[in-house]
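Secondary and tertiary structure notes
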There are 2 protein chains.
Amino acid sequence: MSPDRAPTAETLRSGNRRALARAITLIESTNAAAREAADELLAAVLPMTGQAIRLGVSGSPGAGKSTFIEALGLAAIAAGHRVAVLAIDPSSAVSGGSILGDKTRMERLSVDASAYIRPSPSSGSLGGVGEHTREAVLLCEAAGYDVVIVETVGVGQSEIAVAGMTDLFILLQLPNAGDDLQAMKRGIVECADLFVVNKADLDPVAADRAARQFESCGRAGSSARTVSALRGDGVAALWAEIEMRFREASTRGEIAERRRGQIRDALWASIRTGLMREFRAEPRVTAALAAALDDLETGRAAPGAAARGLLRLFRGGEDQ
Amino acid sequence: MSPDRAPTAETLRSGNRRALARAITLIESTNAAAREAADELLAAVLPMTGQAIRLGVSGSPGAGKSTFIEALGLAAIAAGHRVAVLAIDPSSAVSGGSILGDKTRMERLSVDASAYIRPSPSSGSLGGVGEHTREAVLLCEAAGYDVVIVETVGVGQSEIAVAGMTDLFILLQLPNAGDDLQAMKRGIVECADLFVVNKADLDPVAADRAARQFESCGRAGSSARTVSALRGDGVAALWAEIEMRFREASTRGEIAERRRGQIRDALWASIRTGLMREFRAEPRVTAALAAALDDLETGRAAPGAAARGLLRLFRGGEDQ
């Protein structure tokens, strides 16, 4: 997108959906001029942001994420909210597929006037996607959405990224607790504020057992619920609980504190990503990198010394 | 240590234990001249390295790591090897304590002429400690130790670091499998090549069950054994198995391949750490950081734009 087609803060604020879509495309652009326009737009809309309930939702394929998000989103709309759904899909960059690529997903939510659904960006590193999604949340808030749901799929790193940009991170599970071992091994369980055991209608006893199990192995303060997103059982109650938790945590200052920590973490993550990008793009580094890797492979240099040599080149010093 | 007291590659090669101790102290130094001398020493000894079996050992406090490492080390010495033991202790930097601070640990191994035990460095970041330990492994190899055991304590990040510098990563466990959930949640189980259930004499049935459990939940290619380090049951057999596995993996080229990958990862980790260190030390950055954090806190800037502004200052550009 050319920067001069960038939407203004005012068109975004008016709730114009195409302006929001264009704004998100703008922040996803890697073009330098577009990036500058994106930063200006973000700076202009920042005062209009921060009012939404930011929810993260993850779960293994098959846990019923789309059905759940559609049901939860409709429950939030029924309670008077406007709902935006964003996706981080780490698999899409690799496989070419996307968790939101299927047009038949969230059929009812996608046509609701109070909902906005943004499919996953089709490429980019997790770091980049993470930062873009964080900025997309702000754009959705500026466009008047007061519930923003960030969806991802359960592979570990993306959960940590989504938990780091939301107020409440929901891990969706199936009644058979067999798949919890995988989530545990990947460190995902540690991220969850709320476990939701979906498809509870299939086996209510197993679902209750799974919920108790997650309550005992999650981190302190996490809790668990059972729902059937397909039947709608428990979803309105879950929404009411989320809203209550958010209100209470806001009153206690916990939401503001969590967000302050997230912003600081995002700053450092963005600096790390940026430094590595600049390092890899520096011609003096790229010119020397192949020889340095060869020295490592053949045992002529240790990694630390090779790194220090490349760092000197990066800062414009003499060759090592 | 002043760099002019740095040991030479020749004294190190002669197996002089004080020279090895001084060399490790040298690589742990943060002084620039010492660091240069350390890099020269490492470059000189690199051709004498790489011949050792590099083992990582971790486990929760109480799993019996010291007793196990002593028993395994003595078994290796009995099989004709020279054994060095190094420790990464992420807790020591925080608590001031050290897993190897207790002088009564490994009483028999510590007085054996074929063993060298190096306590954990008392400070430094995990990144730094990780790199220093990786270099200390090379120094031990140059000094003629053909088995190097790197010990750490089970908190997650340090396991990943140790698994990234060893040929075989052993996770020590207790017969009651209760603590495996903790290890799983921290992603440690994914690092293990070999699970060793210690204290099997306390409850042989439970130990066997735990071993089977770990075999089923570890990653592909991992295996499990039971021992009693205190009684010495199964330790000589375990050492024989480790040696056989190492020999077979070497023949198949797997050790060389694993080490190549580790060296590349170490290069990039060292570059990341170095870039962040330089970034935080750059006066233009430190002068602007407080204001940037304040802009973030008060919602006047988004993290990405703030990061890009600081990165421009780092590279010597104009103020954002």
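Note that the structure is a prediction, hence the values are computed from the model and not measured.

What about the interface of chain B and chain A?
Opposite the 49 residues of chain B that make contact, chain A presents 49 residues. Note on chain B versus chain A: buried area summed over both sides is about 4500 Å², and carbon and sulfur give 70% of it. Where Arg 308 of chain A meets Glu 131 of chain B, a salt bridge forms, and the shortest distance between an N and an O atom there is 3.0 Å. The tally of links from chain B across to chain A stands at ten residue pairs in polar contact (both at pLDDT 80 or more).

Quick look at the confidence of the model for chain A
Residues and elements named next belong to chain A. This prediction gives chain A a mean pLDDT of 86; 85% of its residues lie at or above 70. Note on residues 93-97: pLDDT under 50 across the span, and seven contacts to partners over four residues away in sequence or across chains. Of the two predicted TM-score estimates for the complex, the pTM is 0.81 and the ipTM is 0.82.

Side note on helix H3 (residues 32-45) of chain B
One turn of the α-helix equals 3.6 residues, which is why residues spaced by three or four share an orientation. Residues and elements named next belong to chain B. With 14 residues, H3 should cover 20 Å at 1.5 Å per step; its first-to-last C-alpha distance of 20 Å lies within 8% of that length. Those residues of H3 that sit buried are Ala 34, Arg 35, Ala 37, Ala 38, Asp 39, Leu 41, Leu 42 and Val 45. Measuring from the side-chain oxygen of the N-cap residue of H3 to the backbone nitrogen of Ala 33 gives 2.9 Å; that N-cap residue is Asn 31.

Regarding the sheet that holds strand S5 (residues 168-173) of chain A
Residue and element names in this part refer to chain A. The strand order across the open sheet formed by seven strands is S3-S2-S4-S1-S5-S6-S7, and the pairing between neighbours is parallel. Lying at the two open borders of the sheet, with one neighbouring strand each, are strand S3 (115-118) and strand S7 (223-226). For this sheet, the mean angle separating the axes of adjacent strands, direction not counted, is 20°. Bridge analysis of strand S6 (residues 194-197) against S7 gives four bridges, and the strand direction is parallel. Across the sheet, Val 197 pairs through a bridge with Thr 226, a residue of S7. Sitting on the sheet, helix H2 (residues 17-28) is in contact with strand S2 (83-88) and S3, with an inclination near 30° to S3.

Side note on the packing of helix H2 (residues 17-28) of chain B against H3 of chain B
Residues and elements named next belong to chain B. Direction vectors running N to C along H2 and H3 enclose 125°, while the axes themselves pass 8 Å from each other. Compared by their axis directions, H2 and H3 come out oblique. Read as a crossing pair, H2 and H3 show a hand that is left-handed. Residues Ala 23, Leu 26 and Ile 27 of H2 form the contact with H3, whose own contacting residues are Ala 34, Arg 35, Ala 37, Ala 38, Leu 41 and Leu 42.

Structural notes on the environment of Ile 117 of chain B
Residues and elements named next belong to chain B. The topology assignment puts Ile 117 in strand S3 (residues 115-118). Residue Ile 117 is classed as partly exposed on the basis of its relative accessible area of 24%. Here the alpha-carbon distance between Ile 117 and Thr 25, two residues 92 residues apart in the chain, equals 13 Å. Setting aside anything within four residues of it in sequence, one finds Ile 117 in contact with Val 85, Met 106, Leu 109 and Ser 110.

Cut-offs and rules
- Counting restarts for each chain: residues are numbered from 1 in the order of the written sequence.
- In the order they appear in the text, chains get letters beginning with A and ligands get numbers beginning with 1.
- Local features in a predicted model are, by the rule used here, given only for residues with pLDDT of at least 70; side-chain atom pairs are given and counted only at 80 or more, and totals for whole chains, interfaces and linings are based on all residues.
- Note that the side-chain values use all heavy atoms of the structure and ignore hydrogens as well as water.
- Residues are treated as being in contact if the distance between any of their heavy atoms lies within 4.5 Å.
- When two parts are put together, the accessible area they lose, computed with a 1.4 Å probe and summed over both, is reported as buried area.
- The term salt bridge refers to a pairing of a side-chain nitrogen on Lys or Arg with a carboxyl oxygen on Asp or Glu at a separation within 4 Å.
- N or O atoms closer than or at 3.5 Å make up a polar contact, with two conditions inside protein: a donor-capable atom paired with an acceptor-capable one, and, for residues adjacent in sequence, both atoms drawn from side chains.
- The quantity called pLDDT is the predictor's confidence in a given residue, expressed from 0 to 100.
- Helix and strand definitions here come from DSSP, where helices need a minimum of 4 consecutive H or I residues and strands a minimum of 2 consecutive E residues; each element is numbered from the N-terminal end.
- Here, expected helix span is obtained from the residue count minus one, scaled by 1.5 Å.
- Classification of residues uses two cut-offs on accessible area relative to the type maximum, computed with a 1.4 Å probe and protein chains only: under 20% is buried, over 50% is exposed, and between them is partly exposed.
- Strand pairing is assigned whenever DSSP identifies at least 2 bridges connecting the two strands.
- Interaxial angle, 0 to 180 degrees, is taken between N-to-C directions of lines fitted to C-alpha atoms, where a helix line uses only the stretch in contact.
- For classification purposes, an angle smaller than 35 degrees is called roughly parallel, one larger than 145 roughly antiparallel, one from 65 to 115 roughly perpendicular, and anything else oblique.
- Left-handed is the label given to a crossing in which the near helix is rotated counterclockwise from the far helix by less than a right angle, and right-handed is the label when the rotation is clockwise.

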